[in-house]
Amino acid sequence: MTPAYRLEEVGFAYGPREVLGVRHLEIPAGQVAALVGPNGSGKSTLLHLLAFLAAPSRGALFFFGERIAPDRVPAPGRRTALLPQNPYLFHASVRANVLWGLKIRGVPPTIREERSRYALALVGLSGQEERYALALSGGEAQRLALARLIALEPEVILLDEPTNHLDVETRLRVEQALLAWVRERGTTVVLATHEVAQAYRLGAAVWQLDAGQLRAGEPDNVFRGRLVPGEPGVFDTGRVRLRVHPPPAPTACLRIGPREIILSREAPETSALNCLAGRVVRVELVAGDEIQATLDCGEPVVTVITQESWHRLGLAVGQPAVASFKASAIRPC
Amino acid sequence: MDLLTALAAAWRLLTTFDPEVYFVVWTSLKIAAIAAILAALAGIPLGMALARSRFRGRGAVLLLLNTALALPTVVIGLLVYAFLSRRGPLGGLGLLFTPTGVVIGQFLLALPIAVHYAHAAVQGLDPRLFLTIRALGATRWQGAKKVLAEARFGVMAAVVAAFGRTIAEVGVAMMLGGNIEGFTRTMTTAIALQTSKGEFELALALGLCLLAVALVVNGGLFALQRVPR
């Protein structure tokens with residue numbers, strides 16, 4: 001199947017400074033793909049390139065197999081639609097916000113209304129049509145912005161941190177609405193997020209961006225929390241406590257690679273100081289011959305093991321499992 | 001004649017709907033409104049473009065614009081007079097001492113004001129608006145219309161402020177209109193003339209009308225600026 005996007009040696013520069021470099025990237029069509037990276041890693045820039053809001057300063061960009069020439073970049077927002085970080089809502093009603101994008105496309109009024117109703121229902125904003133958009137809460141505003149995109153029925157939806165600043169419940173609702181949409185329409189979604197867990201929850205394919213460079217391989221598990229005062233080497237995320245050695249300088253973020261984690265059915269008798277008990281929530285074949293298993297241990301933990309190990313363990317989704325790793329394998333972000 | 005009797009006489013002129021008074025008021029409103037609307041039609045797109053484009057010499061343009069805001073009416077009157085007078089480049093059109101002549105002068109007077117207000121209104125918009133408009137797939141023209149809609153209060157203020165300037169000025173109306181009775185006599189030129197003749201009743205009556213217009217205009221501006229955004 002033709003990928004939605006193919007990027008070869010693509011770079012983007014502000015003046016002399018290149019802020020993004022992608023040697024090779026293929027984004028499959030009809031799936032959710034996730035780009036993970038901290039703030040300022042180039043995620044937004046890459047999304048802007050994919051939305052045709054900016055043209056790459058070098059390299060080749062293919063869109064559904066078609067080479068996009070730098071001088072013939074498609075109009076942004078026609079086949080693709082971007083949800084910017086912190087989207088702007090028009091000073092108008094909820095309904096008018098959704099309708100505008102359809103109106104400028106010349107969609108007939110009856111179809112406009114239909115699509116707007118459908119999109120608002122999908123994000124759970126039915127019955128709020130006449131409210132003033134600026135009177136919405138943060139979560140409602142974000143969902144409205146998403147509905148505004150969905151109503152356009154683009155081939156590709158690009159989402160820049162779509163659930164930033166949302167509470168957990170709203171976040172899950174937005175994610176579910178999104179997944180429902182993708183399944184129903186076969187829309188391609190590219191999601192940029194700093195949350196590794198969200199990337200794995202939604203993304204069939206996950207890439208990591210670091211300082212403007214796309215990195216091969218899967219992103220690290222990231223734990224946010226704080227070092228416990230008085231207990232050197234203990235890091236508390238609010239849901240799990242981790243042991244880290246040597247005790248790092250005060251940090252709010254620790255990471256560990258998914259291959260550095262040992263998966264077992266029961267707590268093993270090893271030297272590993274970190275043993276997180278949980279349940280397998282997701283299993284997937286990655287890179288052809290490896291298994292990526294996601295555990296819910298209070299915090300989501302992503303592990304990658306060989307197929308052989310997986311079959312020896314005989315684990316399945318829903319079963320209890322333990323993720324263990326050495327205190328010295330954890331690094332500050 | 002003391003002020004009080006003059007005021008009473010002025011009040012009588014207004015309440016008996018003296019045709020001379022109201023004709024002058026009508027002429028004034030008509031000329032000022034046409035000039036302000038034309039200035040808004042030309043100035044609002046210019047102000048929007050100025051707010052959104054980046055080019056060499058933009059700073060100089062903004063400086064000139066701010067200077068033009070303070071341009072004395074008599075200077076505009078003088079310049080336009082030079083163009084419209086019989087020996088001027090546009091003398092053949094015969095526009096000097098006609099309402100059209102006054103409209104041209106007042107248009108030039110109000111144009112910088114309209115540009116300034118529209119520029120400020122668009123400049124003050126949330127920068128995320130422009131990205132959102134593009135991301136939703138608007139063409140330039142569709143985007144500009146949306147920007148105008150989002151900046152609507154500031155843009156309306158541009159029209160109101162332009163009208164406030166044209167209705168209250170005297171220099172242009174005097175120099176280009178010539179204060180011809182029943183033709184180009186406006187409230188301000190009439191007040192100047194009647195006062196110099198010592199006929200305070202009519203001057204005061206018109207002054208009251210002008211004050212009422214100023215009150216309405218500024219009330220409008222005040223209301224626009226207080227609209228929650």
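Everything numeric here is computed off the predicted structure, so don't read it as measured data.

Peer 1: How would you explain the overall build of chain B if you had to name every residue and give the values?
Peer 2: Secondary structure summary: chain B contains eleven helices and zero strands in total. The order of α-helices and β-strands along chain B, N terminus first, is α-α-α-α-α-α-α-α-α-α-α. Judged by the C-alpha coordinates and their principal axes, chain B covers about 70 × 45 × 25 Å. Across the 229 residues that make up chain B, the buried fraction comes to 40%. Of the contacts made within chain B by residues no fewer than 6 positions apart, 79% connect residues no fewer than 24 positions apart.

Peer 1: Can you explain the overall build of chain A? Please cite residues and give values.
Peer 2: A tally of regular secondary structure across chain A gives seven helices and 21 strands. On C-alpha atoms alone, chain A measures out to a radius of gyration of 21 Å, which is about the 20 Å that the 2.2 N^0.38 rule sets for 333 residues. Counting only C-alpha atoms, chain A reaches 65 × 45 × 40 Å along its principal axes. The proportion of buried residues among the 333 residues of chain A is 41%. For chain A, restricting intrachain contacts to residue pairs at least 6 apart in sequence, the fraction spanning at least 24 positions comes to 69%.

Peer 1: Describe in detail the sheet that holds strand β15 (residues 253-256) of chain A, supporting the description with residues and values.
Peer 2: Residues and elements named next belong to chain A. Across the sheet, three strands lie side by side as β11-β15-β21; this open sheet has antiparallel pairing. Each edge of the sheet is formed by a strand with only one pairing partner; in this case those strands are β11 (221-224) and β21 (331-332). Of the strand pairs in this sheet, β11 and β15 are connected by four bridges, and their pairing is antiparallel. Note that in β15 the partner of Arg224 across the bridge is Cys253.

Peer 1: Describe the sheet that holds strand β13 (residues 234-236) of chain A, listing the residues and the values that go with them.
Peer 2: Pairing is antiparallel across the open sheet formed by three strands, whose spatial order is β12-β13-β14 (chain A). Bordering the open sheet on either side are β12 (226-227) and β14 (241-243) of chain A, each of which pairs with just one other strand.

Peer 1: Explain helix α3 (residues 58-69) of chain B to me, and be specific about the residues and the numbers.
Peer 2: With twelve residues, α3(B) extends 17 Å from end C-alpha to end C-alpha; this agrees with the ideal 16 Å at 1.5 Å per step. Little of α3(B) sits inside the fold, with zero of its twelve residues counted as buried.

Peer 1: Describe the pairing of strand β4 (residues 58-63) of chain A, with residues and values.
Peer 2: All names here are of chain A. With five bridges connecting them, strand β1 (residues 5-14) and β4 associate as antiparallel partners. Residue pairing for β4: Arg6 is matched across the bridge by Phe62. Of the pairings in the sheet, the one linking β4 to strand β5 (residues 66-68) comprises three bridges and is antiparallel in character. Its bridge partner lying in β5, Phe63 is registered against Glu66. Counting the residues that bridge the hairpin from β4 to β5 gives two residues, and of these Phe64 lies at a positive phi of roughly 50 degrees.

Peer 1: Summarise the nonpolar core; cite the residues concerned and give the values.
Peer 2: Grouped together as the largest cluster of nonpolar side chains are 95 residues, with contacts concentrated most on A:Ala34, A:Val123, A:Leu146, A:Ala147, A:Leu158 and A:Val190. Among the elements that make up this core, the one with the highest residue count is helix α4 (residues 138-150) of chain A (seven residues). Among the nonpolar cores identified, the runner-up in size contains 44 residues, and B:Ala36, B:Leu84, B:Leu111 and B:Val172 belong to it.

Peer 1: Report on the interface of chain A and chain B, specifying residues and quantitative values.
Peer 2: Chain A puts 17 residues into the contact, and the matching count from chain B is 13 residues. Among the residues forming the side of chain A that touches chain B, the class breakdown is eleven nonpolar, four polar and two charged.

Peer 1: Describe in detail the confidence of the model for chain B, supporting the description with residues and values.
Peer 2: Any segment with low pLDDT has predicted coordinates that should not be analysed in fine detail. All names here are of chain B. On average, residues of chain B carry a pLDDT of 91, and 98% of them reach 70 or more. Predicted confidence in chain B is weakest over helix α1 (residues 3-15), with a mean pLDDT of 85, and strongest over helix α5 (residues 99-123), with 96. Model confidence for the complex: the whole-complex pTM is 0.74, and ipTM, which rates the interface, is 0.79.

Peer 1: Tell me what's going on with the packing of α1(B) against helix α11 (residues 200-226) of chain B, and back it up with residues and numbers.
Peer 2: All names here are of chain B. Remark: α1 packs on α11, axes separated minimally by 8 Å, with the N-to-C direction vectors making an angle of 65 degrees. Read as a crossing pair, α1 and α11 show a hand that is right-handed. Of α11, the residues touching α1 (which contributes Ala6, Leu7, Ala9, Ala10, Leu13 and Leu14) are Phe200, Glu201, Leu202, Leu204, Ala205 and Leu208. Partitioning the contact of α1 with α11 into residue classes produces eleven nonpolar, no polar and one charged.

Reading the values: rules and limits
Residues numbered from 1 in each chain as written. Chains lettered and ligands numbered in written order. Predicted model: local features only at pLDDT ≥ 70, side-chain atom pairs only at ≥ 80, totals over all residues. Helix = DSSP H or I, 4+ residues; strand = E, 2+ residues; numbered from the N terminus. Buried ≥ 20, exposed ≤ 12 C-beta atoms within 10 Å, placed from the backbone. Contact = placed C-beta atoms within 7 Å. Rg over C-alpha atoms; globule rule 2.2 N^0.38 Å. Pairing = 2+ DSSP bridges. Expected span 1.5 Å × (residues − 1). Core = buried A, V, L, I, M, F, W, Y, C linked by C-beta atoms within 7 Å. Nonpolar A, V, L, I, M, F, W, Y, C, P; charged D, E, K, R; others polar. pLDDT = per-residue confidence, 0-100. Axes fitted to C-alpha atoms, helices over the stretch in contact; angles between N-to-C directions. Left-handed = near helix turned anticlockwise from the far one by under 90°.

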